[in-house]
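Okay, here's what each chain looks like letter by letter:
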Amino acid sequence: MDFNYDVIVIGAGHAGNEAACAAANMGSKTLLITMDMNKIGQMSCNPAVGGIAKGQIVREIDALGGQMGIVTDRSAIQFRMLNRSKGPAMWSPRSQSDRHKFIQEWIKTISETPNLYIWQDTVTQLTFDKNTITGVKTALGVEMKAKSVVLTAGTFLGGLMHFGKNQLNGGRISEPASYGLTEQLKEIGFTSDRMKTGTPCRIDGRTIDFSKMSEQIGENDFHKFSFLEDVKRDLKQMSCHITYTNEQTHEELRKGLEFSPLYNGQIQSIGPRYCPSIETKIVTFADKTAHQLFLEPEGVDSNEYYLNGFSSSLPLHTQINAIHTISGLENAHLFRPGYAIEYDFFEPTQLKHTLETKLINNLFFAGQINGTTGYEEAGGQGLVAGINAHINCHGGSPFTLGRDEAYIGVLIDDLVTKGVDEPYRMFTSRAEYRLLLRQDDADMRLTQKGIEIGLVKQNRAEQFVSKKADQALLIDFVRNYSVKPVHVNEFLASINSSELKHGCKLSDLIVRPQLGINELATAVPALKAKISEIKSRNEEIVESAEVILKYEGYIIREKLIAEKLQRLEHISLRGRIDYTGIQSLSTEARQKLTKIDPETIGQASRIPGISPSDVNVLLVMLGR
C-alpha cells in the first residue's frame, strides 16, 4: 500500500468532506483521515442545514461544484425559505435533514469520488521540511507523505465536555478527543486559544405531547439547495413543533446556576453570543418571561427530537426538572442531556485568503479550528481549502472569492482580516453587497469560476449554460414585449394598481411592488406561454428572472459601489512596507498591520482600528 498522496485531509466533518471531495474531483490523489468511518459528515448539533445567510453559503458551495447542497437535498425531511416577508436579498433556504440519511449520503458521495481514499485513524503529529508540510504521523504508527495537508479538526483538538460539574474528555459525545497537534503547532509559533459551544438534550418523541404545541409545516415547492436538476427532495416530509419556556422553567434553571460550568468558573473559554445557552438567556434577558423552543425531528425512522433553543451544560437533574415544566414536555424522556464542549482553535489572522497558513507552506486550516461555528461556514472554508490544496500541488493561480462575489468571500475575509473574539457565525448583515449575493443567483455568480478551475463537471456546466440562456430569454421577452391599456387595465384595477393611460413594456409593470410576474401572466397570454415553456425546464428561472427585473436599478447601483471599492483590492501591499518605521501611522495601526500583514490596501482598510487616514498614509507610501 502506497502512503504517498497529493492532499491529506484530517477530519471527516463538514469542512473535511468538502475539502477532500474538491481536491479529489480536481484530480489530486487525496486521503481523508477520520477516527470513525461510520460518522462521516455527522451533524454534531442540530439536524438542519442552512438558515439566515448560511443557506446562501450552501448554495454557493453547490454552485462551485461542492457537495453539501446535494447531500442536504437527498436527506431533507423539511424545507423552508426563511425571510419571505423581506426582500430577495434576505431570502434564506433552510432544511431539516434525516441525521442518519445525511451520513449515508456523505459516505456514498465520498465512496463514489474518484481519487479519494479513506483511512480510519487519529493523526498525532504533522511532519515538516523546514517551513513546508510533508505529511502526517498517526496513532497506529503510520507515516504518510503529502504535498498539501488540510486540518479540519472541528471540536476534537483538546475537546473537553461539561455536564454540570462532570467533565469528560472528547471531541463529541462517545468520541475521543485529539491531542498533540495543538502543542506541536504552538511550538512552531502558532497562536491558539479555547472556545466553547453547546448542544441541547435529545428527547424521545413518544413522550412528547405535540397537541399542546404549534405545528410548523415545511414547503413543498420547487425550492431546494442544489442547482442540479436531477437532485430531488424525495424523503417523507416531517413537521417541527413550537413551544415555550415559562416562569416556572426559568425558576428551575436558576436553581442550578451555581452548578453551571459557565457561571462557576469551570469554563473560561469564549462562548457563542448568537446561539446562547438557555442559562445565558435567562440571565442576559432576565425580563423575558418566555423563550421560544423548536422540537425538530432527527429522522424519518427515528423517535429522537432535538430541542432547539435549549442548549445547556447544567446538571442533568436541573435540565430534566426545567424541561418537565414546558408545555408538551411534562412527561418527556431524555435520550441524553445537553452539554457544553471546550476545544482548541487557532487565530485565523494567521491564514492567507486561500486558508493556507502563513507560517507553514501547503498547510491549510478549515472549519471550527478557525474560530467559526456552523456546518455551512465549515463547508465553505473546506471547499476553498481543498481547491487551493490541489492548486498548490499542481500549479495555478490561488483561488479566492471577493466580498462582492460570495458570502464565502465575506466569511474568509472577515476571519483572516479581523480575527475572532467569539465563535464566528455568518449573518446577512456582515455582507456589504447582499443584494448581489442572493441565494437565487449563486450559480450565476460562481459556476463559471467552478468551470474554470476544473471542479464543475460537464453535466452541471451544461445545465448552467442552458439555465443562463433561458433566464436571458425570459428577461429579454419581458423588456421588449409591449402591452396596451385595453389588454391589462381590467386586471390592474382588480389588484388596486394604477391603470395604464398609454402602452408600455412588460418590464415597466413588473417593477410595481404589488405585481408579480406570475400574476401578470394571467392577463398576458404571451407571457403565460413563455413562463410555462421555461418552467417546464426549470421553475427556478422564472423567480430569479423576476428578481433581476424588479431590482435591476438597485443591483446596478450596488455593483458600481463594489467596483469602486474593488480598486483597492488590486493595490498589493504585502512585503512592500515596514510598518514599524512609519511614525505617521497610529501606534495601533502599526501593530495591527505588522501582525496581520495584509495582502492589499483593501484588506488593510478592513482591519479593525485602521482609520481612513492610515489608509491614505499607505497610499502615499506606495506613490498612489
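Residues numbered from 1 in each chain as written. Predicted model: local features only at pLDDT ≥ 70, side-chain atom pairs only at ≥ 80, totals over all residues. Heavy atoms only, no water.

Draft legend 1. Fine view of the overall build of the chain. Looking only at helices and strands, one finds 21 helices and 22 strands in the chain. Its C-alpha atoms give the chain a radius of gyration of 26 Å, within 12% of the compact-globule value 25 Å for 624 residues. Viewed in the frame of its principal axes, the chain has a C-alpha envelope of about 80 × 70 × 55 Å. Out of the 624 residues in the chain, the part that is buried amounts to 59%. In the chain, 73% of the contacts between residues at least 6 apart in sequence involve partners at least 24 apart. Total accessible area on the chain is roughly 25,300 Å²; 50% of this is exposed by carbon and sulfur atoms. A distance of 3 Å separates the average location of the 69 positive side-chain charges in the chain from that of its 74 negative side-chain charges. (Helix = DSSP H or I, 4+ residues; strand = E, 2+ residues; numbered from the N terminus. Rg over C-alpha atoms; globule rule 2.2 N^0.38 Å. Buried < 20%, exposed > 50% of the residue type's maximum accessible area, 1.4 Å probe, protein only. Contact = heavy atoms within 4.5 Å. Areas by Shrake-Rupley, 256 points an atom, 1.4 Å probe, with all protein chains shown as cover. Lys, Arg positive; Asp, Glu negative; His and termini not counted. Charge placed at Lys NZ, Arg CZ, Asp CG, Glu CD.)

Draft legend 2. Geometry of the pattern of salt bridges. Applying the stated rule across the entire model yields 41 salt bridges. Here Arg 479 ties to Glu 552 by a salt bridge, and the two come within 2.6 Å at their closest N and O atoms. In this pair, Arg 479 sits in helix 12 (residues 458-480) while Glu 552 sits in helix 18 (residues 552-566), placing the two residues 73 residues apart along the sequence. The residue Asp 597 makes a salt bridge to Arg 574 at a minimum N-O spacing of 3.5 Å. On the criterion of sequence distance, the pair formed by Asp 597 in the loop between helix 19 (587-596) and helix 20 (601-605) and Arg 574 in the loop between helix 18 and helix 19 is long-range, its members being 23 residues apart. Through salt bridges with shared partners, a single network forms among Arg 403, Asp 413, Asp 414, Lys 418, Glu 432, Glu 569 and Arg 606. (Salt bridge = Lys/Arg side-chain N within 4 Å of Asp/Glu carboxyl O.)

Draft legend 3. Local environment of the pairing of strand 17 (residues 304-308). Note that strand 13 (residues 202-204) and strand 17 share three bridges and pair antiparallel. Residue pairing in the sheet places Ile 203 in a bridge with Tyr 305 of strand 17. Where strand 16 (residues 292-297) and strand 17 come together, four bridges link them in antiparallel fashion. Residue pairing across strands places Glu 296 opposite Tyr 306, the latter belonging to strand 17. (Pairing = 2+ DSSP bridges.)

Draft legend 4. Region of interest: the environment of Ser 532. Structurally, Ser 532 can be placed in helix 16 (residues 525-535). Measuring from C-alpha to C-alpha, the distance between Ser 532 and Ala 521 comes to 9.8 Å, with 11 residues separating the pair along the chain.

Draft legend 5. Summary view of helix 16. Leu 527, Lys 530, Ile 531 and Ile 534 are the residues of helix 16 that are buried. Viewed along the axis of helix 16, the buried residues span an arc of 95°, placing them on a single side of the element. Turned more than 90 degrees away from the buried face of helix 16 sit Pro 525 and Lys 528, all of them exposed. Lining the buried residues of helix 16 we find helix 12, helix 14 (506-510), helix 15 (517-521) and helix 17 (540-550). (Arc of directions from axis to C-beta.)

Draft legend 6. Structural detail: the nonpolar core. Within the largest apolar cluster, 96 residues are counted, with the highest numbers of intra-cluster contacts made by Ile 8, Leu 126, Val 136, Val 149, Val 150, Leu 363 and Phe 365. Considering each element in turn, this core owes the most residues, nine residues, to helix 9 (residues 375-394). Of all hydrophobic cores here, the second largest spans 26 residues; its members include Leu 500, Ala 523, Val 524 and Leu 527. (Core = buried A, V, L, I, M, F, W, Y, C linked by side-chain atoms within 4.5 Å.)

Draft legend 7. How the structure looks around the environment of Ile 475. With respect to the helices and strands, Ile 475 occurs in helix 12. Expressed as a C-alpha distance, the spacing of Ile 475 and Leu 506, which sit 31 residues apart in the sequence, is 10.0 Å. If near-sequence neighbours (up to four positions away) are discounted, Ile 475 is found in contact with Ala 545, Ile 548 and Leu 549.

Draft legend 8. Molecular detail of helix 1 (residues 14-25). The first and last C-alpha atoms of helix 1 sit 17 Å apart over 12 residues, in line with the 16 Å expected at 1.5 Å per residue. Among the 12 residues of helix 1, 12 are classified as buried, and the element is accordingly described as predominantly covered. The set of residues buried in helix 1 consists of His 14, Ala 15, Gly 16, Asn 17, Glu 18, Ala 19, Ala 20, Cys 21, Ala 22, Ala 23, Ala 24 and Asn 25. Of the residues flanking the end of helix 1, it is Gly 27, one or two places downstream, whose phi is positive at about 120°. (Expected span 1.5 Å × (residues − 1).)

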